[in-house]
Amino acid sequence: MAGTVTHDPPSAASGRPGRPMIVTEDAELLDDLLRLCAAAGAKPEVHHGPPDRGGGWESAPLVLVGDDAARRVRGATRRRGVVLVGLDQDDPDVWKRAVEIGADHVLMLPDGEQWLVDRIADVVEGVGRPALTVGVIGGRGGAGASTLACALAVTSAREGLRTLLVDADPLGGGIDVLLGGETAEGLRWPAFAASRGRLGSGALEESLPELHSLRILSWDRGDCVAIPPPAVRAVLAAARRRGGTVVVDLPRRLDDEVAEVLTQLDLAVLVVPAELRAVAAAGRVAATVGMVVRDLRVAVRGPYAPGLDDREVARLLGLPLAGEVPAEPGLTRPDRKPPGSAARGPLARFCKGFWERTLVEAGGVA
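Residue positions are given per chain, counting from 1 as you read along its sequence in written order. Per-residue local features are limited, in this predicted model, to residues with pLDDT of at least 70; the limit for side-chain atom pairs, both in listing and counting, is 80 or more; totals at the level of whole chains, interfaces and linings are taken over all residues. Values reported for side chains reflect all heavy atoms of the structure, with hydrogen atoms and water molecules removed beforehand.

Novice: Which parts of the structure should I look at to understand the UniProt feature "domain: CobQ/CobB/MinD/ParA nucleotide binding" (unreviewed entry) in the chain?
Specialist: What UniProt calls "domain: CobQ/CobB/MinD/ParA nucleotide binding" (unreviewed entry) maps, in this numbering, to residues 136–170. Think of it this way: any DSSP run of H or I at least four residues long counts as a helix, any run of E at least two long counts as a strand, and we number them from the N terminus. End C-alpha atoms of residues 136–170 are separated by 15 Å, and the span's content is 40% helix alongside 23% strand. UniProt positions are given in the numbering used here, feature names are shortened, and annotations may be inferred rather than shown by experiment.

Novice: Teacher, can you tell me more about the pairing of strand E12 (residues 267–273) here?
Specialist: One face of the sheet, then the other: side chains in a regular strand alternate in exactly this way. Between buried and exposed lies partly exposed: a residue is buried under 20% and exposed over 50% of the maximum accessible area for its type, with that area taken using a 1.4 Å probe on protein chains only. The element E12 is extensively covered by neighbouring structure, given that seven of its seven residues are classed as buried. Alternating residues of E12 divide into Leu267, Val269, Val271 and Pro273 and Ala268, Leu270 and Val272, and every residue in both groups is buried. Sheet analysis places strand E7 (residues 132–138) next to E12, joined by five bridges and oriented parallel. Directly across from glycine 135, in E12, lies its bridge partner alanine 268. The pairing of E12 with strand E13 (residues 296–301) spans six bridges and is parallel. Within E13, the position partnered with alanine 268 by the bridge is leucine 296. Viewed with both strands pointing away, a crossover whose connecting path from the first strand over the helix to the second turns clockwise is right-handed. Taken together, E12, helix H9 (residues 276–289) and E13 form a β-α-β motif whose crossover is right-handed. Pairing between strands is defined by DSSP: at least two bridges between them are needed.

Novice: How should the sheet that holds E7 be read in this particular structure?
Specialist: Sheet strands associate in pairs through backbone hydrogen bonding, adopting either a parallel or an antiparallel arrangement. The mixed open sheet is built from eight strands, whose spatial order is E9-E10-E8-E11-E7-E12-E13-E14. Unpaired on one side and paired on the other, strand E9 (210–211) and strand E14 (321–325) mark the two borders of the sheet.

Novice: How do you make sense of the nonpolar core when you look at a structure like this?
Specialist: One recurring pattern in soluble globular proteins is that nonpolar side chains are buried together. Residues belong to a common nonpolar core when they are buried Ala, Val, Leu, Ile, Met, Phe, Trp, Tyr or Cys residues joined through side-chain atoms within 4.5 Å. Grouped together as the largest cluster of nonpolar side chains are 46 residues, with contacts concentrated most on Leu270, Val272, Val313 and Leu317. Breaking this core down by element, the ones donating at least two residues are strand E8 (163–167), helix H7 (229–241), strand E11 (245–249), helix H8 (256–263), E12, H9, E13 and helix H10 (310–317). By residue number, the principal contributor to this core is H7, which donates seven residues. When sequence neighbours within four positions are dropped, the list of residues in contact with leucine 317 reads Leu270, Val272, Val279, Ala282, Gly283 and Val298. When checking whether two residues touch, look at their non-hydrogen atoms; a contact exists if any pair is within 4.5 Å.

Novice: Help me understand the environment of threonine 155, please; the structure alone is not making it clear to me.
Specialist: With respect to the element layout, threonine 155 can be found in helix H4 (residues 145–158). Taking the relative accessible area as the measure of exposure, threonine 155 reaches 0% and is therefore buried. The spatial distance from the C-alpha of threonine 155 to the C-alpha of valine 246 is 12 Å, given a sequence separation of 91 residues. In this structure threonine 155 touches Gly340, Ala348, Cys351, Lys352 and Trp355, once residues within four positions along its chain are discounted.

In structure tokens form, the structure reads like this:
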């Protein structure tokens, strides 16, 4: 059991990793808390009562107070990030003691174990604001969604943001190829097929190939073409906890794995060539994706068919206009420079403007 009293939820020391503090003399409870800290990769400080001034009570990112120690910490400085932990599920006075010590949460073991492991792991990882996560999908085949996804990721990294580019299309040949990194060392999607629960965001980032100052999660050239939804959920949740931006190249289909990806998006961009057949196909894609993604926008790519412009395409689809995706000369040359790598090129300028607007709307990123 876990419950909230009346305070704001605890935060992880402004996003900086730190050591949680345990305050208890209950040997059974201490064993449980040490076990849960170990599961989350944390090495806590242990005290029988609130430490002396300067001893870490105010600075610890998370304080776990055993129910046996509630009386002893009543006079301690009030602070956020205090959790009252007990073992008696039927104790009617636990909420009163939580209020007396200014606890943010009340938690009873063993029911609240997973919640507490996740909370401790947040402290270890220094979790701040989750990554702004943007999906890119084509209104029809060959619309240029992968090109735009790569350009958005390359531009984000060039602007100094922690950036992850995710390939969600197992049949697309691997987005690492588009970036010229098919031989780069690092893990691909099949390595995470058995993932469940919580993954360490730092460990995930370090395990992936790094190209053009960003990390890439792509498919390999093997036989695996599906990842179970729980694994997709675990991987993307870890990626979002790392902060910065996540760009996802989406396939034009909706199965269980793709649906899981869509639930993690803050917004999606539908890339539509300005021709009537493409607009008709994009309407069906928009209807499907829009059932899951609340913020769906259209980016229009020329040349334009007679009677069409970017605003007319957006009107026909009933979607907000993200802008006109410009043509980028030289993308098919043998040197294979990644889309958006020319900082002064038209595609990079479009992507920079997109991020400037979107980040302002989102209130910035961690």
